[in-house]
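Summary of structural features
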Amino acid sequence: MIETDIVVIGSGAAGLTAAITARKLGLEALVVEKTALFGGTTAYSGGAPWIPCNHVMKQIGLDDSREAAERYLRGVLGEAYRPDLVGPYLDNAPRMLQFLERNSQVCFKPFPLPDYESSLPGAAKCRSLLTPEFDGRLLGQRLAELRQPLPQLMLFGSMQIEGADIHPMRHALKTWAGFRHTVKVMRRFVLDRLRHGRGTRLVNGNALAARLFHSAIEAGVALWKNTPALELIVENGAVRGVVVQHDGRRVTVKARRGVLLATGGFGANDKMRAKYVPSPEHHYSLQPEGNVGDGIRLGLAAGAVHDPKHAGDCIWTPVSVLRKPDGSIVKYPHIFIDRAMPGCIVVDPQGRRFVNEGASYQTFVNTMHERGLTEVHLIANRDFLRKYGLGLARPSPFSERALVEAGYLIEAATLTELALRIGVEARQLEATVRRFDEGAARGEDPEFGKGADAHSRFRGDQTHAPNPSVAPIGEGPYYAVALHPGDLSTVGGLETNGSAQVLGTDGQPIPGLYASGLDMNSIMRGRYPGGGSSIGPAMTFGYIAARHMAQHTAKAGQHELEATT
Ligand SMILES: Cc1cc2nc3c(=O)[nH]c(=O)nc-3n(C[C@H](O)[C@H](O)[C@H](O)COP(=O)(O)OP(=O)(O)OC[C@H]3O[C@@H](n4cnc5c(N)ncnc54)[C@H](O)[C@@H]3O)c2cc1C
């Protein structure tokens, strides 16, 4: 048996933020990670937290207020708004950010993305932030212990690309700035490959996970990989520690101050998806293999509550699927790249459009669910494909041939032929494209308003006028990719209070047990106010949990607690 102050189960944004905070407040912290790699879904992600009233937006002359953020969240959440959960979030999210900036390598840069429900009162820009790139070489040998991004979202196997790379790389042969940027990124990658066997320029969520991981190492957090938490130790209704599998043995770890569940939800658990998620047989999750609901299971065994009304809530995304000859599949999340660009539409099995293609991933898939759609098609012509790419098919100079041959990309010379291939009525598809093209020629989408709202406009091609998100589909040849509902992660975790304490069936906190990230029922209750609405709360409630545990220990430096409130 060993003893420590806090045990954190899971090494994503929620768990590592808590562990770093705890160490900085004078506590001993042990993080146990089930897989061989640290970082969880966070390492796959865009690495954007949604933080109202953040100080970072001031760098680009923007401002925010707690009142505006509260008004906005009341509008987005409606009856699901819980002041006892949203209040602590709004109070602590900006503090968490400043605390990490002062005490770790975690920092953020401004990103003027509009909130997703940009027409609601209180909506703002730049509550979503981005993680600056991180030099993976700083992790030395330990870089190999960090989960890499999804391979399908990288180039050449291990070259990471962030949003800011996309425009210059598309213009590499057209503008001097594009050429210079592309050469710089490629040169670094080639040298990295020669010296380290892989890219070491880490961006997006991989940079966030790396910054958290590096900071945790520097702060003296004990980090055990290949160590699944097996069961909680419960004595007289209070959680006193965890039994873990470590080095092939069952090890009992006593936690003097508490245990944090941060195991990242259950996206990789087929049975739980079948139980909770709509149309599970057509649903694809992007979560890593270890995220199978262990935190929820452990919490339930200790008397926690998993609200069936929210258990199936997810961050949705449309997903396309490549089926390989060996039977394996590659899933591509169409988060916004491609479908928000000008010159494409998405049609239902009748050949009709049904949504603003540039809508947030949450709205897009919610609309699919409302209409019972499990397969729709993203359609564009060859010029679009060459310029922007379509899912796994990269823009020029990459070739699409292998994906056409694999049946992932459906190619046709005419719309009639395309309709036949994707199984929709040809006359209806032609009429849909004709109608769309008429408006698009003026830069308008009278039917669904693509590019009329701040979000889809922002996600479009800013070099395209008059509407960055709308252009006619134009002449063939045409291409289609099938899209299905999927998730970037589940968000329906255990019920907690505003201090991240897990609640029992009597509505009272279970002493010693905390949850954050996807193991905590999302304070957004299945809604998605802006980019980063998962990582923002995950980090904030990790911070809140650690502080709550620290406030009950004589070892915590009181001056530090005060300095950060
Ligand atoms: C492609 C993609 C892009 C995304 N972009 C964004 C974005 O920009 N902003 C945003 O807010 N959200 C985004 N998301 C969602 C976001 O990544 C997750 O919701 C968030 O990172 C979850 O953090 P977490 O700490 O709760 O869990 P995770 O990061 O998943 O970490 C959980 C860890 O716990 C481990 N674990 C599981 N069971 C056990 C056990 N029994 N014992 C020990 N360890 C265990 C897992 O192996 C895993 O490493 C994205 C997701 C994807 C897939």
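A quick note: this is a predicted structure, and the numbers were derived from the prediction, not measured.

This next bit is on the site of the ligand. Contacts to the ligand come from 41 residues, most closely from Gly12, Gly40, Gly264, Gly290 and Gly517. For the shell around the ligand, the secondary-structure elements that each account for two or more residues are helix H1 (13-24), strand S17 (478-490) and helix H15 (535-550). In terms of residue count, the dominant contributor to the shell around the ligand is H1 (three residues). Here the residues of the shell around the ligand are counted per class, giving 16 nonpolar, 22 polar and three charged.

On to the domain arrangement of the protein. Here the protein is partitioned into domain 1 (145-204) and domain 2 (315-487). Here the C-alpha centroids of domain 1 and domain 2 sit 25 Å apart.

With that settled, consider the pairing of S17. Among the 13 residues of S17, twelve are classified as buried, and the element is accordingly described as predominantly covered. Sheet topology places strand S11 (residues 284-285) next to S17; two bridges connect them, and they run parallel. From the neighbouring strand, tyrosine 284 faces S17, where its bridge partner is glycine 486. As defined by bridge partners, strand S15 (residues 376-381) adjoins S17 across six bridges and the pair is classed as antiparallel. Within S17, the residue paired with histidine 377 across the bridge is alanine 482. Bridge count for strand S16 (residues 410-412) against S17 is three bridges, and the pairing is antiparallel. The residue bridging isoleucine 410 from the neighbouring strand is alanine 480, located in S17.

Packed helices, taken two at a time, are described by the angle their axes make and the gap between the axes. The geometry of H1 relative to H15 is characterised by a closest axis approach of 7 Å and an angle of 35° between their N-to-C directions. Between H1 and H15 lies a crossing of right-handed hand. Contacts between H1 and H15 involve Ala13, Ala14, Gly15, Thr17, Ala18, Thr21 and Ala22 from the former and Ile535, Ala538, Met539, Phe541, Gly542, Tyr543, Ala545, Ala546, Arg547, Met549 and Ala550 from the latter. Residues that form the contact of H1 with H15 fall into these classes: 13 nonpolar, four polar and one charged.

Here we take up unusual backbone geometry. Omega for the peptide link from serine 396 to proline 397 comes to 15°, which places this bond in the cis form. Assignment of secondary structure puts proline 397 in the loop between helix H10 (382-388) and helix H11 (401-405). Here the residue pair glycine 476 and proline 477 is connected by a cis peptide bond, since its omega of 0° sits within 30 degrees of zero. Looking at the secondary structure, you find proline 477 in the loop between helix H14 (454-459) and S17. The phi dihedral of asparagine 226 is positive, around 50°, even though this residue is not glycine. Position of asparagine 226 among the secondary structure elements: in the loop between strand S7 (222-224) and strand S8 (229-235).

Take helix H2 (residues 66-77) next. Between its first and last C-alpha, H2 extends 16 Å over twelve residues, near the 16 Å set by a 1.5 Å rise per residue. Looking at H2, one finds that the buried residues are Ala69, Tyr72, Leu73 and Val76. Along the axis of H2, the buried residues cluster in a sector spanning 95°; they form a single face. Looking at the packing, one finds that the buried side of H2 touches helix H3 (83-103). Positive backbone phi, at 55°, marks glycine 78, one or two positions downstream of H2.

What counts, and where the lines are drawn
Residues numbered from 1 in each chain as written. Predicted model: local features only at pLDDT ≥ 70, side-chain atom pairs only at ≥ 80, totals over all residues. Near = placed C-beta within 6 Å. Helix = DSSP H or I, 4+ residues; strand = E, 2+ residues; numbered from the N terminus. Nonpolar A, V, L, I, M, F, W, Y, C, P; charged D, E, K, R; others polar. Domains from an automatic or database assignment. Buried ≥ 20, exposed ≤ 12 C-beta atoms within 10 Å, placed from the backbone. Pairing = 2+ DSSP bridges. Axes fitted to C-alpha atoms, helices over the stretch in contact; angles between N-to-C directions. Left-handed = near helix turned anticlockwise from the far one by under 90°. Contact = placed C-beta atoms within 7 Å. Expected span 1.5 Å × (residues − 1). Arc of directions from axis to C-beta.

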